[in-house]
Amino acid sequence: MKYIKYNILIALFLGMMASCGYDLEEYNINPEVSTNADPDYQLNYVQMVMLDNHHVNWHMNLGMLSGIAQHLAGPWEMGAARAVWVDHDYSYVDWWENSWLATYKNVVDLVERTKDDPELVNVNSAARILKVFTFARLTDAYGDVPYFNAGKAYYTGELNSPYDLQKEIYDDFFSELDAAVKAFDASKKSIDVDAMFNGNLNQWKKFGNSLRLRLGMRLVKVNIAKAEQEVKAAIGANGGVMESNADIAMINHMNIAAEDIRNNPVSEVLERSGFSDFGICATFSDKLVDTDDPRLDILLASYANNDKSEPNHVDVVGYNGLVPASYAWDAPALEGTDGVERGFYEGGYLVPHKQLVDKDDPSFLLGYAEVQFYLAEAAQRGWVAGNAADYYNQGVEAAMKQLSLYTLEEAISDDQIGEYLTANPYLEAEGLKLINEQLWIHYFLNGHEAYSNWRRSGYPELETPPAVDWEPQLYDGIARRLPYLDEELDRNFDNVNAAVQRLEAQGATAAARHMDGRVWWDVE
């Protein structure tokens, strides 16, 4: 009933906009439509679009960020993982443009329209949490971005927003999460259209606090005292952090035949591409193989001619991953058990498992496993009570069991989890490395978080991708941030240029399109 309910309400929301004579893009810039939209429908719409459409996930999440994090390899966008400016600029433009049109303007508008109505405090608080979640992904990728006046042109008359300092943005994140969680009120109007928690305010509180925990941990390199303060505040806040996999913040999708915002966008990429270029990076597959990880055959597979209807590992010797940031068409053919050589397109290499590509699979925003790994790190650092090894073990167990939310051919058993932990025990001397390697595995297909957590923790130790003769690198190393768009320089030059000058003052180079610069929390 939950799926049917939000399916109908989204349809009504979109239909209402159509009846007013506006399409989705017009909605995002037209104040009359925003005034008429029901806050519940608008919140649900934000939930459906905030993880981006399949085009954006193709280019950014999977093609670029998962490539930099060395989960995936193969497609053209791998150039970004070698700090190469991808020629077709739309790879970067897609995320920026689509996010502003669909997500940021809507969530900002929803917060603004509901902030002064006491009866709508719950939808307002939920919107404030989603605003932090969505803008955190943006600023963590670029650094300084429009935030305080972003999306408020109708309210302020300011068309070109300043690029705010990331430190100040983060300070506001913590204030917003604290205030939003405190403001939830069960005596006020409920959240009636909710694809995440079905209106459960306790779970919304846990999500807000767990997000604060994640963002607090971002600061360990730049301000360790502030990191500890925010981590402790998140754990001790009203409602606490997530306590089991039942608290996972995820979007429940539907299987719609056409391209549709209700489908899982990552699944749609992998299904529509037919695994065309998306292979598994050897850094990732080798880690799973070396530790005999039971997730290996759940997450990864080889298929004859990359046809997911074929059985796993057809005549392939071993588990073959692609060289970091390499292109699928460059992968050398490998000899199979039958003596036949197979390249990437013939099924010689690993790709994401077919059981991860159903359109009604959930999208995970933040989960209990991640919380346990961060608590393990907090315990390792002496910030919280408890044993780091216990948190770590609970995190591994939760991460493996979370995979059961997919439709699996065979779930991971308790015995398998126990055997894995026995063979790969938590060692205090290597605690930070082990914790963050587990987070990296857990973030598979979530390039945003895998890339951010690698930069803040330094783990796993990624291999610098090899250069190719015909494609000059902008600088020697792995990109530390995404470059600002030429389109933004054209339409908002003064504000973007001010942000660029701040990057250059810290040593970032124009020749590298400032991809060698670091966001505020990613200090050396």
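Residues numbered from 1 in each chain as written. Predicted model: local features only at pLDDT ≥ 70, side-chain atom pairs only at ≥ 80, totals over all residues. Heavy atoms only, no water.

Asks: Is there a simple way to explain the overall build of the chain in this structure?
Replies: Looking only at helices and strands, one finds 21 helices and eight strands in the chain. For the chain, the proportion of its 524 residues judged to be buried stands at 60%. Taking as baseline every contact in the chain between residues at least 6 positions apart, the subset at least 24 positions apart corresponds to 74%. If you sum the accessible surface of the chain, you get close to 19,400 Å²; carbon and sulfur atoms cover 49% of it. (Helix = DSSP H or I, 4+ residues; strand = E, 2+ residues; numbered from the N terminus. Buried < 20%, exposed > 50% of the residue type's maximum accessible area, 1.4 Å probe, protein only. Contact = heavy atoms within 4.5 Å. Areas by Shrake-Rupley, 256 points an atom, 1.4 Å probe, with all protein chains shown as cover.)

Asks: Explanation requested: unusual backbone geometry in the structure shown.
Replies: For residues besides glycine, phi is generally negative; the peptide bonds are generally trans as well. Cis rather than trans, the peptide bond between Tyr 459 and Pro 460 has omega equal to 0°. Summarising the element assignment, Pro 460 is placed in the loop between α19 (447-457) and α20 (486-491). For Asp 292, which is not a glycine, the phi torsion comes out positive at approximately 50°. Mapping Asp 292 onto the fold places it in the loop between α13 (282-290) and α14 (296-299). Residues other than glycine seldom take positive phi values, yet His 514 does so here, at roughly 65°. Turning to its location among the elements, His 514 is positioned in the segment after α21 (493-505).

Asks: Help me understand helix α16 (residues 388-402), please; the structure alone is not making it clear to me.
Replies: Taking 1.5 Å per residue as the helical rise, α16 with its 15 residues ought to reach 21 Å, and the 21 Å between its terminal C-alpha atoms agrees with that figure. Those residues of α16 not exposed but buried are Ala 388, Ala 389, Tyr 391, Tyr 392, Gly 395, Val 396, Ala 398, Ala 399, Met 400 and Gln 402. Sitting at the head of α16, Asn 387 places a side-chain oxygen 2.8 Å from the backbone nitrogen of Ala 389. (Expected span 1.5 Å × (residues − 1). Polar contact = N/O pair within 3.5 Å; in protein donor to acceptor, adjacent residues only side chain to side chain.)

Asks: Before we go on, may I ask you to explain the packing of aromatic side chains in this structure?
Replies: Here a ring pair, both rings aromatic, is described through the centre-centre distance and the interplanar angle of the planes. Within this structure, the stated rule accounts for 30 aromatic pairs. Relative to Phe 278, the ring of Trp 58 lies with its centre 5.8 Å away and its plane at 65°, an arrangement referred to as edge-to-face. Of this pair, Trp 58 sits in helix α5 (residues 54-68) while Phe 278 sits in the loop between α12 (265-273) and β3 (279-280); the two residues are 220 residues apart in sequence, bridging distant segments of the chain. Taking relative accessible area as the criterion, Trp 58 reaches 24% and is therefore assigned partly exposed. Judged by relative accessible area, Phe 278 falls into the buried class, the value being 0%. When the centroid spacing of 5.7 Å and the interplanar angle of 20° are considered together, the rings of Trp 76 and Tyr 327 count as stacked. (Phe/Tyr/Trp six-rings, centres within 6.5 Å; stacked < 30°, edge-to-face > 60°.)

Asks: Would you take a moment to explain the pattern of salt bridges for this structure?
Replies: Any two side chains of opposite charge can pair, given that their charged atoms come close. Under the counting rule described, the total for this entry stands at 39 salt bridges. Across the pair Asp 260 and Arg 262 runs a salt bridge, and its minimum N-O distance is 2.6 Å. Neither residue differs from the other here; Asp 260 and Arg 262 are each classed as buried. Look at the salt bridges and you will find they share partners, linking Asp 140, Arg 214, Arg 218, Glu 370 and Glu 449 into a network. (Salt bridge = Lys/Arg side-chain N within 4 Å of Asp/Glu carboxyl O.)

Asks: Please clarify how the nonpolar core should be interpreted in this entry.
Replies: Counting 141 residues, the largest nonpolar core has Tyr 142, Met 196, Trp 204 and Phe 207 as the members making the most contacts within it. Per element, the largest residue contribution to this core is 12 residues, and it comes from helix α7 (residues 121-142). Counting residues in each nonpolar core, the second largest holds 12 residues, with Met 78, Tyr 327, Phe 344 and Tyr 349 among its members. (Core = buried A, V, L, I, M, F, W, Y, C linked by side-chain atoms within 4.5 Å.)

Asks: Where do I start with the side chain of Asn 263 in this structure?
Replies: Looking at the element boundaries, Asn 263 is found in the loop between β2 (249-251) and α12. Residue classification places Asn 263 among the buried residues on the basis of a relative accessible area of 2%. A polar atom in the side chain of Asn 263 sits 2.7 Å from the backbone nitrogen of Ile 256. The contact partners of Asn 263, leaving out residues within four places of it in the chain, are His 253, Met 254, Asn 255, Ile 256, Ala 258, Glu 268 and Lys 359.

Asks: What's the story with the side chain of Thr 103 in this structure? I'm lost.
Replies: Tracing the backbone through its elements, the reader meets Thr 103 in helix α6 (residues 90-114). Within the structure, the side chain of Thr 103 is placed 3.3 Å from the backbone oxygen of Val 49, a separation counted as a polar contact. Setting aside anything within four residues of it in sequence, one finds Thr 103 in contact with Val 49, Met 50, Asn 98 and Thr 134.

Asks: Would you explain the packing of α7 against helix α10 (residues 201-217) in this entry?
Replies: In a packed pair of helices, the relevant descriptors are the angle between the two axes and the axis-to-axis distance. One way to put it is that α7 packs onto α10 with a least axis distance of 11 Å and a crossing angle of 25°. Between α7 and α10, the angle is such that the two are roughly parallel. Crossing angle aside, the handedness with which α7 passes α10 is left-handed. Contact with α7, carried on its side by Asn 122, Ala 126, Ile 129, Leu 130, Val 132, Phe 133 and Ala 136, involves Leu 201, Trp 204, Phe 207, Gly 208, Leu 211, Arg 214 and Leu 215 of α10 and no other residues of that element. Residues that form the contact of α7 with α10 fall into these classes: 11 nonpolar, two polar and one charged. (Axes fitted to C-alpha atoms, helices over the stretch in contact; angles between N-to-C directions. Parallel < 35°, antiparallel > 145°, perpendicular 65-115°, else oblique. Left-handed = near helix turned anticlockwise from the far one by under 90°. Nonpolar A, V, L, I, M, F, W, Y, C, P; charged D, E, K, R; others polar.)

Asks: Sorry, what's going on with the environment of Lys 152 here?
Replies: Looking at where Lys 152 falls in the secondary structure, it is placed in the loop between α7 and α8 (153-156). In this structure the C-alpha to C-alpha distance between Lys 152 and Glu 112, which are 40 residues apart in sequence, comes to 8.6 Å. Leaving out residues up to four positions away in the same chain, Lys 152 has contacts with Val 108, Glu 112 and Gly 157. A distance of 3.5 Å separates polar atoms of two side chains, one belonging to Lys 152 and the other to Glu 112.

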